[in-house]
Amino acid sequence: MPRGGREAIFLLTPSLAPRLSMNTYSTLDVARILGIEKSRVRDWIVKGFIIPSWHTAMARGDKNLLTYDDLCSVYLFQQLLSKGIHRTPIAFIVGQIAKAGLSNNLKSGLRYAIWNTKYPKEGGKVSILNKIPPSMMDTSIQMLVIDLLKVKNEVDRKREKRGSRKPTTGWLSPTIR
């Protein structure tokens with residue numbers, strides 16, 4: 001029991017109920033699983049390149065909590081950054097994939113994210129498709145093709161290898177009565 005003999009009550013709204021079974025990861029978990037510095041993950045979140053879909057820290061001592069799809073977004077961000085692409089267009093690409101979520105895209109049969117890099121300063125255009133259209137192969141110099149299934153498989157491999165600790169599950173904030 002909390003101080004003063006009051007019991008902790010967890011408020012649960014119907015919109016949160018389906019999310020309770022979802023695994024969440026702290027920035028430390030993400031950094032450990034992906035093998036990158038915690039400060040780098042935190043910096044990407046603070047600067048808005050990665051937006052946690054579960055909980056964004058709002059005050060000192062508060063934790064960012066990321067979902068599995070966010071974990072995949074951080075991995076993709078890291079991989080594209082290592083290829084020399086600037087952080088702003090990467091954030092745009094990752095944000096477009098995150099709209100439906102990497103897992104939902106794959107469940108819907110959408111495997112490839114294709115970014116038209118012809119006008120990168122304007123953000124370009126991201127299409128998420130089930131296959132790479134043959135007409136795009138001729139203009140591939142202006143396209144970046146991301147295989148979402150390979151991203152998922154690589155994150156799963158890293159999670160199995162480095163993610164021995166269980167992620168936080170069902171984050172709720174208690175209300176004291």
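Conventions and cut-offs
- Residues numbered from 1 in each chain as written.
- Predicted model: local features only at pLDDT ≥ 70, side-chain atom pairs only at ≥ 80, totals over all residues.
- Heavy atoms only, no water.
- Helix = DSSP H or I, 4+ residues; strand = E, 2+ residues; numbered from the N terminus.
- Buried < 20%, exposed > 50% of the residue type's maximum accessible area, 1.4 Å probe, protein only.
- Areas by Shrake-Rupley, 256 points an atom, 1.4 Å probe, with all protein chains shown as cover.
- Pairing = 2+ DSSP bridges.
- Axes fitted to C-alpha atoms, helices over the stretch in contact; angles between N-to-C directions.
- Contact = heavy atoms within 4.5 Å.
- Core = buried A, V, L, I, M, F, W, Y, C linked by side-chain atoms within 4.5 Å.
- Phe/Tyr/Trp six-rings, centres within 6.5 Å; stacked < 30°, edge-to-face > 60°.
- Expected span 1.5 Å × (residues − 1).
- Salt bridge = Lys/Arg side-chain N within 4 Å of Asp/Glu carboxyl O.

## Here's the deal with the overall build of the protein chain
In terms of helices and strands, the protein chain carries seven helices and eight strands. Burial analysis of the protein chain (177 residues in total) assigns 34% to the buried set. Accessible area for the protein chain stands at about 11000 Å²; split by element, carbon and sulfur atoms hold 54% of it.

## So, the sheet that holds strand E4 (residues 112-116)
Here we have three strands laid out as an open sheet, ordered E5-E4-E6, and antiparallel in their pairing. Sheet topology places strand E5 (125-129) and strand E6 (143-147) at the edges, where each strand pairs with a single neighbour. Within this sheet the neighbouring strands show an average axis-to-axis angle of 20 degrees, counted without direction. Along the sheet, helix H4 (residues 87-100) makes contact with E4, E5 and E6, crossing E5 at roughly 35 degrees.

## A look at the nonpolar core
Judged by nonpolar contacts, the single largest core of 34 residues is most densely connected at Val30, Leu34, Ile50, Leu71, Val74, Phe77 and Ile146. Listing elements by their share of this core, those giving two or more residues are helix H1 (27-34), helix H2 (38-46), helix H3 (68-82), H4, E4 and helix H7 (148-162). Broken down by element, the residue count for this core peaks at eight residues, all from H3. Leu34 has contacts with Leu71, Val74, Tyr75, Gln78, Lys158 and Arg162, leaving out every residue within four places of it along the chain.

## Section: the packing of aromatic side chains
We describe a pair of aromatic rings using the distance from one ring centre to the other and the angle between the two ring planes. Inspection of every chain in the model, using the stated rule, returns two aromatic pairs. Aromatic side chains Trp44 and Phe77 sit 4.6 Å apart centroid to centroid with 55 degrees between the ring planes, which places their arrangement in the tilted category. Here Phe77 lies in helix H3 and Trp44 lies in helix H2, a separation of 33 residues in the sequence. Under the relative-accessibility criterion, Phe77 is labelled buried at 0%. Through a chain of ring-to-ring contacts, the aromatic side chains of Trp44, Phe49 and Phe77 assemble into a single cluster.

## Focus on H4
The end-to-end C-alpha separation of H4 is 21 Å, in line with the 20 Å expected for 14 residues at 1.5 Å each. Residues Pro89, Ile90, Ala91, Ile93, Val94 and Ile97 constitute the buried set of H4. Contact partners of the buried residues in H4: H3, helix H5 (102-107), E4, E5, E6 and H7. Of the residues trailing H4, Gly101 is marked for its positive phi of about 95 degrees.

## Points about the pattern of salt bridges
By the definition in use, this model includes seven salt bridges. Measuring nitrogen to oxygen at the nearest pair gives 3.2 Å for the salt bridge that ties Asp29 to Arg32. Taken as a pair, Asp29 and Arg32 lie in helix H1 at a separation of three residues, close to a single helical turn. Exposure remark for Arg32: the relative accessible area of 23% places this residue in the partly exposed category. Across the pair Asp43 and Arg87 runs a salt bridge whose closest N-O atoms are separated by 3.9 Å. With Asp43 in helix H2 and Arg87 in helix H4, this residue pair connects regions lying 44 residues apart in the sequence. The exposure class of Arg87 is partly exposed, given its relative accessible area of 28%. Sharing partners across several salt bridges, the network here consists of Asp43, Lys47 and Arg87.

These figures come from the coordinates and say nothing about function on their own.
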